[in-house]
Amino acid sequence: MARAHRLEAIAAIRRDGTMNVVVESPRGATVKLKYDPELGAMTLVRPLPHGLVFPFDFGFVPSTRAEDGDPVDAMILLDAPTAPGVVVACRPIAVLRADQRGGKGGRVRNDRLVCVAAADRSKSGLEDVGDLPIRMREELEAFFAAAVAFEGKDLALLGWGGREEAREAVARGSRRIGKNPPR
């Protein structure tokens, strides 16, 4: 019998320098899914507010831990949905800085990386945050705010950072679990 691969243990960075992202909630999903390492399966977190859908695939960078204790969050700019559990080679191009109310009442950073699927040649011109249209950045901000509007998280969006800041977020997340990704 084949042994299931633990998605959270996949390397954050591939040999070719691209970054792995595990899809949890695919583009068009009306529910937030989350990978549960103990079950080795995707689980339902909650439905999104009525009328809201994920605009792009959303998931996590494996072998990382963000300040909130979960793996580093990532959204993949891709014009078609994949599926939960799919691993996509990506190029990080931006980070949306955010903080929210944490589990113990204090504030905790919960940034979201914005990535481009390495296989999507139509987005080869997207290299850094300045390449994202302002309207797209504003729509992503509105999505993330609306997605948690009824969750009591008191999300505060703190602005955008570029490709290097996104890469550093992955490196920081890897160090939190004792792994050092190649540069």
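The structure this text deals with has already been given above.
Owing to the predicted nature of the structure, the values given are computational and were not obtained by experimental measurement.

## Regarding the overall build of the chain
No. 1: Counting its regular elements, the chain contains two helices and nine strands.
No. 2: The C-alpha radius of gyration computed for the chain amounts to 15 Å, which stays within 12% of the reference 16 Å derived for 183 residues, consistent with globular compactness.
No. 3: Counting only C-alpha atoms, the chain reaches 40 × 40 × 30 Å along its principal axes.
No. 4: The buried share among the 183 residues of the chain stands at 44%.
No. 5: Of all intrachain contacts in the chain linking residues separated by at least 6 positions in sequence, the fraction that spans at least 24 positions is 68%.
No. 6: Only carbon and sulfur atoms are counted for the fraction: they give 52% of the accessible area of the chain, which is about 9,500 Å².

## Digging into the nonpolar core
No. 1: Judged by nonpolar contacts, the single largest core of 24 residues is most densely connected at Met75, Leu77, Ile93, Val114, Leu132, Phe143 and Trp160.
No. 2: Those elements that provide at least two residues to this core are strand S5 (72-77), strand S6 (87-101), strand S8 (112-117) and helix H1 (134-147).
No. 3: Ranked by size, the runner-up nonpolar core spans 20 residues in total, among them Ala12, Val23, Val95 and Val170.

## With respect to the side chain of Asp120
No. 1: Turning to its location among the elements, Asp120 is positioned in the loop between S8 and H1.
No. 2: With residues up to four places along the chain from it excluded, the contact list for Asp120 reads Leu77, Leu78 and Asp79.

## Remarks on the packing of aromatic side chains
In this description, a pair of aromatic rings is defined by centroid distance and the angle of the planes.
No. 1: The full count for this structure, using the stated rule, is five aromatic pairs.
No. 2: Centroid distance Tyr35 to Phe60: 6.0 Å. Interplanar angle 25°. Geometry classified as stacked. Pair noted here: Tyr35 is in strand S2 (residues 31-36) and Phe60 is in strand S4 (residues 57-61), with a separation of 25 residues, a long-range link. The exposure classification of Tyr35 matches that of Phe60, with both residues buried.
No. 3: By the ring-pair criterion, three or more aromatic residues cluster together here, those being Phe54, Phe58, Phe143 and Phe144.

## Notes on helix H2 (residues 163-176)
No. 1: Helix length check: H2 (14 residues) gives 20 Å between terminal C-alpha atoms against 20 Å at 1.5 Å per residue, within 8%.
No. 2: Among all positions of H2, only Ala166, Ala169, Val170, Ala171, Gly173 and Ser174 are buried.
No. 3: Buried residues along H2 sit in contact with strand S1 (19-25), S4, S5, S6 and S8.
No. 4: Of the residues one or two after H2, Gly178 is the one with positive phi, at around 85°.

## Comments concerning the side chain of Glu8
No. 1: Along the polypeptide, Glu8 turns up in the segment before S1.
No. 2: Overall, the relative accessible area of 18% leaves Glu8 in the buried class.
No. 3: Reaching out from Glu8, the side chain makes a polar contact with the side chain of Arg6 at a distance of 2.8 Å.
No. 4: A polar side-chain atom of Glu8 sits 3.1 Å from a polar atom in the side chain of Tyr35.
No. 5: If sequence neighbours within four positions are ignored, Glu8 has contacts with Tyr35, Pro37, Phe60, Pro62 and Ser63.

## Digging into the state of the cysteines
No. 1: Summed over all chains, the structure comprises zero disulfides.
No. 2: Not engaged in a disulfide, the cysteine Cys90 finds its nearest cysteine sulfur in Cys115; these two sulfurs lie 4.9 Å apart.
No. 3: Classification of Cys115 by relative accessible area gives buried; the value is 0%.

## Brief notes about the pairing of S6
No. 1: For S6, a buried count of 11 out of 15 residues is recorded, marking the element as mostly surrounded by other parts of the structure.
No. 2: In terms of strand pairing, S1 meets S6 through four bridges, oriented antiparallel. The partner of Asn20 across the bridge, within S6, is Ala89.
No. 3: Relative to S8, S6 is paired through six bridges, and the arrangement is antiparallel. Note that in S8 the partner of Val95 across the bridge is Leu113.
No. 4: Pairing analysis gives five bridges linking S6 to strand S9 (residues 156-161), with the strands arranged antiparallel. Paired with Ala98 across the bridge in S9 is Leu157.

The rules behind these values
Residue positions are given per chain, counting from 1 as you read along its sequence in written order. In view of the model being predicted, local features appear only for residues whose pLDDT reaches at least 70, and side-chain atom pairs are presented and counted only at 80 or more, with totals across whole chains, interfaces and linings using the full set of residues. The basis for every side-chain value is the complete set of heavy atoms in the structure, and neither hydrogens nor water enter the calculation. Helix and strand definitions here come from DSSP, where helices need a minimum of 4 consecutive H or I residues and strands a minimum of 2 consecutive E residues; each element is numbered from the N-terminal end. C-alpha atoms define the radius of gyration, and 2.2 Å times the number of residues to the power 0.38 defines the globule rule. For each residue, the accessible area found with a 1.4 Å probe, counting protein chains only, is set against the maximum for its type, and the residue is called buried under 20%, exposed over 50%, and partly exposed in between. Note on definitions: a residue-residue contact is assigned when non-hydrogen atoms from the two residues lie within 4.5 Å. All accessibility values rest on the Shrake-Rupley procedure with a 1.4 Å probe; residue burial counts only the protein chains present in the view. Each nonpolar core is a collection of buried residues, namely Ala, Val, Leu, Ile, Met, Phe, Trp, Tyr and Cys, held together in the definition by side-chain atoms within 4.5 Å. Under the pairing criterion, centres of Phe, Tyr and Trp rings, with the six-membered ring standing for Trp, must be within 6.5 Å; the plane angle then separates stacked pairs below 30 degrees from edge-to-face pairs above 60, leaving the rest tilted. Helices are assigned an expected span. That span is 1.5 Å times one less than the residue count. Here a polar contact is taken to be a pair of N or O atoms separated by no more than 3.5 Å, where protein atoms must pair a possible hydrogen donor with a possible acceptor and residues adjacent in sequence count only if both atoms sit in side chains. Any cysteine sulfur atom paired with another within 2.5 Å is treated as part of a disulfide. What makes two strands pair is DSSP finding at least two bridges between them.

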